[in-house]
Amino acid sequence: MEFIDLKRQYAAYKNEINIAIQEILDKSRFILGEPVSALEEKLSRYVGQKGAVGVASGTDGLLLSLMALDVRAGDIVITTPFTFIATAEVISFLGARPVFSDIDPETFNLDVEKLAQTIEDLKSKNKKPKGIIAVSLYGQCPDMDELLSLAEEHELFLLEDACQSFGAKYKGHLSCGLTSISVTSFFPAKPLGCYGDGGMVFANNDAILERIKSLRNHGQKKRYLHEEIGLNSRLDAMQAAILLVKFKYFEEEVENRNKAACTYSELIKGTGLPITVPVVKPDRTSVFAQYTIRIPGGKRDRVRDILTNKGIPTAIHYPVPLHLQPCFAGLGYKEGAFPEAERASKEVLSLPMHPFISKEEQQQIVEAIKEALT
Ligand SMILES: *Cc1c(COP(=O)(O)O)cnc(C)c1O
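Rules behind the numbers
- Residues numbered from 1 in each chain as written.
- Predicted model: local features only at pLDDT ≥ 70, side-chain atom pairs only at ≥ 80, totals over all residues.
- Heavy atoms only, no water.
- Helix = DSSP H or I, 4+ residues; strand = E, 2+ residues; numbered from the N terminus.
- Phe/Tyr/Trp six-rings, centres within 6.5 Å; stacked < 30°, edge-to-face > 60°.
- Buried < 20%, exposed > 50% of the residue type's maximum accessible area, 1.4 Å probe, protein only.
- Pairing = 2+ DSSP bridges.
- Right-handed = clockwise from strand over helix to strand, strands pointing away.
- Polar contact = N/O pair within 3.5 Å; in protein donor to acceptor, adjacent residues only side chain to side chain.
- Contact = heavy atoms within 4.5 Å.

A. Representation of unusual backbone geometry in the model. That bond from H317 to Y318 is cis: its omega, 15°, falls within 30 degrees of zero. Positionally, Y318 belongs in the loop between α10 (300-309) and α11 (339-347). With a phi close to 65°, Y138 is a non-glycine residue in the positive phi region. For Y138, the location among the structural elements is in the loop between β4 (131-135) and α6 (144-153).

B. Spotlight on the packing of aromatic side chains. Summed over all chains, the structure comprises 18 aromatic pairs. Ring centres of F82 and Y318 lie 6.3 Å apart, and the angle between their planes is 80°; this geometry places the pair in the edge-to-face category. Here the residue F82 occupies a position in the loop between β2 (76-79) and α4 (86-93), and Y318 occupies one in the loop between α10 and α11, the gap between them amounting to 236 residues. Its relative accessible area of 12% is what places Y318 among the buried residues. When the centroid spacing of 5.2 Å and the interplanar angle of 65° are considered together, the rings of F108 and Y138 count as edge-to-face. Of this pair, F108 sits in the loop between β3 (97-100) and α5 (112-124) while Y138 sits in the loop between β4 and α6, placing them 30 residues apart in sequence. Judged on exposure class, the residue F108 and its partner Y138 are both buried.

C. The pairing of strand β5 (residues 157-161), seen in detail. Of all five residues that make up β5, five are buried, and the element is covered over most of its length. Burial along β5 is two-sided: F157, L159 and D161 and L158 and E160, pointing in opposite directions, are all buried. Bridging between β4 and β5 involves five bridges; their strand directions are parallel. Directly across from I132, in β5, lies its bridge partner L158. The parallel pair β4 and β5, bridged by α6, forms a crossover whose chirality is right-handed.

D. The arrangement of the side chain of T87 in detail. Tracing the backbone shows T87 in helix α4. Only 2.8 Å separates the side chain of T87 from the side chain of D161, close enough to count as a polar contact. With sequence-adjacent residues up to four places away left out, T87 is seen in contact with L62, T79, I133, V135 and D161.

Structure (structure tokens):
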């Protein structure tokens, strides 16, 4: 069994994907070009955003966004401690300082009340944060309206890390189209994945879009005239061509992910075991980048081992919250600083999830969890 079965997905679209790759080989234009512009156009229209810029990865998309927002050494950017390293890594990479704020235990996203307190605490120390990176974890957006008004009140930028949530809806609007700037990832395991690394920045402002286009290409608008220090972070034509094929089936895949999530939740509730299934708020939808349950009482690791022995792959997103990572030791956080993130890191378990998973496989997985817990 696969955690994310990319082989089954490839088999389903094989002819079209092979043709798309062959076309790129025949044209032999590999960097940016028409397929990348076509993808930028198509995806920005889909999410209802003014424009988009294809970049080399989600991580680079976050980095380029912060650069375009003029985040500099010494600036403070607030984010969640319960996310993939990339979210906070890019802040530190620019010499700025990540300040963490705890999560809502139900959705695993930033807790807005705690965030407001984090901002007040900083202000009382005469420290003014520059912005917020809000992660739409596991494929569900956070309380975006509340975050937007908090950001506006304190004159902060709000960047959506939508690396797991492309296709998710919040009050009828799509992730990547909710904030003035957002980033998604096309890493193969993401809901819309390519066959290597890739990412995209979405923004509602021409100046920002132009600046990111320049920054992804060594800070040049005109060839060999470098206006500012940038990097090489372009999206490959081949990845864009593959994504243009996969995007045709994307909505159908999101539907299948949601059906699989419903099946899991019904099966798990049917066991009567004290397992918490994912909560999707009524005003939004998830793309279930991960289907993540909570197993309390210190039993998570044992369940995981038993599943592994039965050939059922699982994952822990994420076993160590960022404030306790060795690379962030210099920030001075101690254990206990963010109890919800810490508790989540000990209880969460992500189960195999992809659009091609069968009901039989899901039954087998839930049966194995039941055996492990009884
Ligand atoms: C995957 C991911 C990233 C990084 O994306 P890459 O394309 O792998 O660089 C950033 N943030 C979150 C929340 C992610 O899940």
